[in-house]
Structure formats: structure tokens, C-alpha cells
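Next come the chains, spelled out residue by residue.
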Amino acid sequence: MLVAAAVCPCPPLLVPEVAAGAAPELDAARAACTDAIGVLAAARPDRLVVVGPAGPGGSGPHPQGARGSFQGFGVDLDVRLGRVPDTADADSSADAGGAERELPPSLAVAAWLLARTRWSAAPVEGLGVGESCAAERCIQLGGDIAARADRVALLVMGDASACRTLKAPGYLDERAAGFDAEVGRALGAADVAALKALDAQLAHELKAAGRAPWQVLAGAADGAALSGELLHEDAPYGVGYLVAAWS
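For every chain, the first residue of the written sequence is number 1, and numbering continues from 1 onward in sequence order. At least 70 in pLDDT is required for a residue's local features to be given in this predicted model, at least 80 for side-chain atom pairs to be given and counted, and no such filter applies to totals for whole chains, interfaces and linings, which use all residues. The basis for every side-chain value is the complete set of heavy atoms in the structure, and neither hydrogens nor water enter the calculation.

S.K.: Explain the sheet that holds strand E9 (residues 241–246) to me, please; I cannot follow it from the model alone.
M.R.: Two orientations exist for strands paired in a sheet by backbone hydrogen bonds: parallel and antiparallel. Being paired, for any two strands, means DSSP has found at least two bridges between them. Think of it this way: any DSSP run of H or I at least four residues long counts as a helix, any run of E at least two long counts as a strand, and we number them from the N terminus. Spatial ordering of the open sheet is given by E3-E6-E2-E7-E1-E9-E8, a layout of seven strands whose pairing is mixed. The sheet is open, and its two borders are formed by strand E3 (60–62) and strand E8 (228–234), each paired with just one other strand. Taken pair by pair, the neighbouring strands of this sheet meet at an average axis angle of 20°, ignoring direction. Where strand E2 (residues 47–54) meets strand E6 (residues 124–130), seven bridges bridge the pair, whose relative direction is parallel. Its bridge partner lying in E6, Leu48 is registered against Val124. Structural elements are reduced to axes, namely lines fitted to C-alpha atoms, with helices fitted over the stretch in contact, and the angle between N-to-C directions of any two is expressed from 0 to 180 degrees.

Okay, here's the thing in C-alpha cells:
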């Protein structure tokens, strides 16, 4: 059963080494992510599942200890998903092929956030979700995750639209602000029905990478009667960043 969830954006710029001189611009988002992960720890889960958007190479499950890297963003920085007991165990896992597949960027950012907050409350596993994953499949995945343990927590990674300004990655789209506002309202209210009903085609057109992970959250939260709080909402660089906590 889902007992808590944290929703965070997943730009690699959250990692100060990647953002470099622009790092202070996302200090408020980082602080909100820390607060949201604190809500997860306070729920005392048996298991934490990290869900984020992924391309074909990163879709599917990722075990605890899986490696991620920010070398593709010009930074010599590696991360691990959750804690690995010791080097020998890590090498054994890698030799067995369990942690051989690299984390997609969204889960690498999550791994960095968890390391930053010294997560130790529960075992961690990851799930990369294809950005074209149909709503029905996302909802089913969420239900399956929630049924895995008595007390499941979710860390849900994903950005809102990337079309908020002329200089945004997707250029300006007048529909973007309204889309982001509705997502922010739904996340703040823990409105499961609204998240399930998100328009996948519109989300694709607005380059909202969080749509599929948010619908996984909706599937996991069905019947859990959680309450929500929107902790942060901003659109630096023309991309919507939302942070929320459910408990």
C-alpha cells in the first residue's frame, strides 16, 4: 500500500556540479525536494520505488545500487541508486549483471537527491517509464508497485511543460501555463482522478516529461486516501518545475 510520495523535477541542473555558475538559481527547488524526501522518510516505508521518465535504453526496472552518471552533461560525477553495503557487494552485483545498466538521467538525479539527504529509511529500487507509455499502462504499473509491500513510498521524478517562454526548449506555447497550473493543483490536492485524466497527447506536445510518472503515482495512490501539499512551483528556463509531498 502506498503510504507516502514525493514529486520532484528531474533536470540535471538540480545537481550543482552540472549547473555550475547557475546553481544558486535552483536552490529553492533543491530545498523543496529535500523537504519532500523527508516526508517519505517520516512515513517509515518498507520500500522506496523511484519512478522517472526514460528513453528505450533506460525503461524498466533498476535495482538498488544501479549506477548513474552525469558525464554526458560534462561533469565527472557518478551516483548510485540507494546505498550499497560495501565495495565487494557492489562488485558482485555488477558481475551478476544486476546493476550493469546505467540509470536514465531522471533516476540519476533521484539518486543524487537521495544521497544528498542520506537516505537510509528503506531499500530502494528504480523504474524508468517510457514517455509514450499509455495512461492505462502507467496506472496499472502504479497499482502493481503499491501492492508489493505493506508500506510503499514513491519518489516520482518528472518535469512539467517545457514551453513556458520564447527561450524554453520547446519554444512558447500558450497552453503550457494552464497545463502546468492544473498539474500543480492536482499534485497539491493529491487529486488522483485528475492525474489519471491528464491528456497524454497534450503533454507530449508541451514536452511535459512528468506525465507518465505522475500517472504511475495516480495508479499507486488509488484508494490510499493520501493528502497532498505543493511545496514548490516555478518555471526557470521556461520549464515547469513542481515539488509536492503526499502522506
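S.K.: I keep staring at the nonpolar core and nothing clicks. Help me out?
M.R.: Note on soluble globular proteins: their nonpolar side chains tend to be buried together. Put simply, buried Ala, Val, Leu, Ile, Met, Phe, Trp, Tyr and Cys residues joined by side-chain atoms within 4.5 Å make one nonpolar core. For every residue, the accessible area obtained with a 1.4 Å probe (protein chains only) is divided by the maximum for its type, and the residue is called buried under 20%, exposed over 50%, and partly exposed between those limits. Core analysis: the biggest nonpolar cluster contains 44 residues, and Leu48, Val50, Phe70, Leu113, Leu114, Leu155 and Met157 have the highest contact counts within it. Those elements that provide at least two residues to this core are strand E1 (2–8), helix H2 (27–42), E2, helix H4 (105–116), strand E7 (152–157) and E9. Cys133, Cys163, Ala186 and Ala212 belong to the second largest nonpolar core, which has 43 residues in total.

S.K.: When you look at a nonpolar patch on the surface in this model, what are you seeing that I'm missing?
M.R.: Exposure above 30% relative accessible area and no salt bridge define the residues that can form patches, which grow by joining like charges within 9 Å and nonpolar side chains of Val, Leu, Ile, Met, Phe, Trp and Tyr within 5 Å. Areas reported here follow the Shrake-Rupley algorithm with a probe of radius 1.4 Å; residue values treat only the protein chains shown as occluding. The rule for a salt bridge is simple: a side-chain nitrogen of Lys or Arg has to be within 4 Å of a carboxyl oxygen of Asp or Glu. On the surface, a nonpolar cluster with roughly 300 Å² of combined accessible area is contributed by Leu166, Tyr171 and Leu172. Tracing the backbone shows Leu172 in the loop between E7 and helix H6 (176–189). Looking at Leu172, the relative accessible area reads 34%, which means it is partly exposed.

S.K.: Just to check I follow, could you spell out the environment of Arg30 for this structure?
M.R.: Mapped onto the elements of the fold, Arg30 is located in helix H2. Once the C-alpha coordinates of Arg30 and Cys8 are considered, the two residues, 22 residues apart in sequence, prove to be 9.1 Å apart. Residues in contact with Arg30, not counting those within four places in the same chain, are Leu13, Leu14, Val15, Pro16, Ala19, Ala23, Trp112 and Arg116. A polar contact of 2.5 Å, which involves the side chain of Arg30, links it to the backbone oxygen of Leu14. We call two residues in contact whenever any of their non-hydrogen atoms come within 4.5 Å of each other. Any pair of N or O atoms that falls within 3.5 Å is considered a polar contact. Within protein, one atom must be able to donate a hydrogen and the other to accept it, and sequence-neighbouring residues count only if both atoms are side-chain atoms.

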